[in-house]
Amino acid sequence: MKFFVINGPNLNLLGLRDPKLYGKDTLLDIEEWLNEHQKTEGHSFLWFQSNHEGEIIDHIHKSIDNAKGIIINPGAFTHYSYAIRDAIASVNIPTVEVHLSDIHSREDFRKKSVIKDVCIAQYFGLKKLSYLKGFKKLINTLI
Ligand code: DQA
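One numbering rule holds for all chains: residues counted from 1, following each sequence as written. Only residues with pLDDT of 70 or above have their local features reported here, since the model is predicted, and side-chain atom pairs are shown and tallied only from 80 upward, although totals for entire chains, interfaces and linings are computed over all residues. Note that water and hydrogens are dropped before the side-chain values are worked out from all heavy atoms of the structure.

### Some words on the packing of aromatic side chains
Centres within 6.5 Å are what make two rings of Phe, Tyr or Trp a pair, Trp counting through its six-membered ring; a difference in plane orientation under 30 degrees is then read as stacked, over 60 as edge-to-face, and the rest as tilted. Throughout the structure, instances matching the rule amount to five aromatic pairs. Seen from their ring centres, F45 and F135 are 4.9 Å apart, and the 75° between their planes marks the pair as edge-to-face. Residue F45 is found in strand β2 (residues 44-49), and its partner F135 is found in helix α6 (residues 129-142); the two are separated by 90 residues along the sequence. Here's how the labels work: a residue is buried when its accessible area is under 20% of the maximum for its type, exposed when over 50%, partly exposed in between, all with a 1.4 Å probe on protein chains only. Its relative accessible area of 12% is what places F45 among the buried residues. Ring plane angle 65° and centroid distance 5.8 Å describe the contact between F77 and Y80, whose orientation is recorded as edge-to-face. By relative accessible area, F77 is classed as buried at 8%. Counting from the N terminus, the helices are DSSP H or I runs at least four residues long and the strands are E runs at least two residues long.

Listed below in structure tokens is the structure:
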């Protein structure tokens, strides 16, 4: 099965960006690590990162014919992008929301996700493991 892994703004700076919160791994490190984890199971990931809301929405739309599930870390868009929420709801592809940091123990504005209700699960605070948990949840949902 094919899965989209979508990463939002500033996640291209992982490794450099506040390692205490987000870990030392770069986005490429996380990509290689997750790809390695699922290799034996015959699934594949298409990784995408953008700092632009419209590009993320366009990519979510592409899932219609190209993915069985979506893992998304919308970055700060999590907290206010109704447009990304609507895109996820529109494509009707099972989606999990993931975060490296514990958004529920940080600033108040991070505690709210406008994406959560259109996703089948939300994983946070586990650094790169949040992505693996999200993937496992998708697999369990789809099989
Ligand atoms: C994040 C949490 C968001 O609040 C923040 O804006 C990010 C990263 C995370 O993975 O912990 O960019 O999504």
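Next comes the rest of the account.
### Comments concerning the packing of helix α2 (residues 27-38) against α6
With their axes 10 Å apart at the nearest point, α2 and α6 run at an angle of 35° to one another. Pair α2 / α6 crosses with right-handed handedness. Mapping the contact onto sequence places I30, W33, L34, H37 and Q38 in α2 and L129, Y131, L132 and F135 in α6. Grouping the amino acids of the contact of α2 with α6 by side-chain chemistry returns seven nonpolar, two polar and no charged. For helices, the fitted line uses only the C-alpha atoms of the stretch in contact; every axis is such a line through C-alpha atoms, and the angle between N-to-C directions lies from 0 to 180 degrees. For a crossing to be left-handed, the near helix must be turned anticlockwise from the far one by less than a right angle; the clockwise case is right-handed. Note on contacts: a residue pair qualifies if any of its non-hydrogen atoms lie within 4.5 Å across the two residues. Residues are sorted three ways: Asp, Glu, Lys and Arg are charged, Ala, Val, Leu, Ile, Met, Phe, Trp, Tyr, Cys and Pro are nonpolar, and all the rest, Gly among them, are polar.

### Let's talk about the sheet that holds strand β3 (residues 69-73)
As summarised here, the arrangement of the five strands in space is β2-β1-β3-β4-β5, forming an open sheet in which the pairing is parallel. Lying at the two open borders of the sheet, with one neighbouring strand each, are β2 and β5 (121-123). For this sheet, the mean angle separating the axes of adjacent strands, direction not counted, is 20°. Think of it this way: DSSP has to see at least two bridges between two strands before they count as a pair.

### Notes on a nonpolar patch on the surface
For patches, a residue must show more than 30% relative accessible area and have no salt bridge; joins then use 9 Å for like charges and 5 Å for nonpolar side chains, namely Val, Leu, Ile, Met, Phe, Trp and Tyr. All accessibility values rest on the Shrake-Rupley procedure with a 1.4 Å probe; residue burial counts only the protein chains present in the view. The salt bridge criterion pairs a side-chain nitrogen of Lys or Arg with a carboxyl oxygen of Asp or Glu, the two atoms within 4 Å. A surface patch of nonpolar side chains, amounting to about 280 Å² of accessible area, comprises M1, L142 and I143. Topologically, I143 is positioned in the segment after α6.

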